[in-house]
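# A closer look at the structure
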Amino acid sequence: MYEVIGSRASRAFRVLWMLEELGLHYVHLPVAPHSSEARAANPSGKIPVLRQNGATLSDSVAIMTYLGDVHEALSFPAGSLERARQDALTQRMIDELDSALWIAARHSFILPEEMRVPEVKITLKWEFTRNLGFVSRELRGPFLMGEEFTIPDIVLTHCLRWSRRANFPEPPDILGAYLQQMETRPALQSVDALP
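Just so you know, these numbers come straight off a predicted model, no measurement behind them. (Residues numbered from 1 in each chain as written. Predicted model: local features only at pLDDT ≥ 70, side-chain atom pairs only at ≥ 80, totals over all residues. Heavy atoms only, no water.)

Attention shifts here to the environment of Ile-174. Mapped onto the secondary structure, Ile-174 falls in helix α7 (residues 173–182). Classification of Ile-174 as partly exposed rests on a relative accessible area of 45%. For the pair formed by Ile-174 and Ile-5, sequence separation is 169 residues and the distance between their alpha carbons is 33 Å. Beyond its immediate chain neighbours, meaning those up to four positions away, Ile-174 contacts Ser-136 and Leu-139. (Helix = DSSP H or I, 4+ residues; strand = E, 2+ residues; numbered from the N terminus. Buried < 20%, exposed > 50% of the residue type's maximum accessible area, 1.4 Å probe, protein only. Contact = heavy atoms within 4.5 Å.)

Structure representation (structure tokens):
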């Protein structure tokens with residue numbers, strides 16, 4: 001059995017969504033980062049954490065990659081060219097989208113107030129929008145990998161939803177339509193209904 005530690009308002013959303021897509025049973029502990037429960041699972045206090053049989057794994061992408069490999073789903077086989085492309089797309093989503101959103105969040109409410117530089121968000125929004133243009137050209141079908149729904153789709157959808165909450169500019173029309181399609185997935189809607 002899997003236990004997911006972290007609130008769904010965090011990157012734990014990605015792990016929860018993947019588990020729902022896989023139809024796997026799990027227990028969800030919806031805790032905030034740096035809470036005592038989060039620190040008990042990961043000394044850094046960062047979430048999400050996946051616990052299985054006493055072992056823990058952190059980082060949403062590492063957890064999803066592990067789940068994809070173990071369950072041979074939502075991922076291409078390790079060592080294949082498709083997997084290399086999938087991993088490259090996942091890392092692009094992290095490097096070019098997630099990072100801009102994370103830095104904006106840090107300068108909005110995470111860093112001590114005297115360390116925040118609100119003006120940096122202007123540059124981050126510009127960079128995010130520019131990178132969305134590049135990502136929109138990556139769509140090969142209904143999903144980033146063509147006909148197959150895979151891990152980079154989870155990361156991209158999460159980033160698009162996060163950008164909306166962070167008041168970043170709207171995505172290009174093609175990604176707006178993509179997001180609408182993703183939000184109709186029953187697994188995503190199940191996670192949205194979690195506490």
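Continuing now.
Another aspect to go through is the pattern of salt bridges. Under the criterion given, the structure shown has twelve salt bridges. The shortest N-O distance in the salt bridge between Arg-14 and Asp-98 comes to 2.5 Å. Of this pair, Arg-14 sits in helix α1 (residues 12–22) while Asp-98 sits in helix α4 (residues 81–110), and the two are 84 residues apart along the sequence. Comparing Arg-14 with Asp-98 shows no difference in burial state: the two are buried. (Salt bridge = Lys/Arg side-chain N within 4 Å of Asp/Glu carboxyl O.)

A word on the side chain of Ser-60. Checked against the element boundaries, Ser-60 lands in helix α3 (residues 60–71). At a separation of 3.0 Å, a polar atom in the side chain of Ser-60 contacts the side chain of Arg-14. Apart from residues lying up to four places away in sequence, Ser-60 is in contact with Arg-11, Arg-14, Val-15 and Pro-48. (Polar contact = N/O pair within 3.5 Å; in protein donor to acceptor, adjacent residues only side chain to side chain.)

In terms of burial, α1 is largely enclosed, as nine of its eleven residues are buried. Here α1 has its buried residues at Ala-12, Phe-13, Arg-14, Val-15, Leu-16, Trp-17, Met-18, Leu-19 and Leu-22. Looking one or two residues beyond α1, the residue adopting positive phi is Gly-23, at roughly 70°.

Following Ile-47, the chain continues into Pro-48 via a peptide bond in cis, with omega recorded as 5°. Tracing the chain through its elements places Pro-48 in the loop between α2 (36–41) and β3 (49–52). Of note, the phi angle at His-34 is positive, near 70°, even though the residue is not glycine. As for its placement among the helices and strands, His-34 is situated in the loop between β2 (26–29) and α2. Residue Glu-72 is not a glycine yet carries a positive backbone phi of 50°. The topology assignment puts Glu-72 in the loop between α3 and α4.

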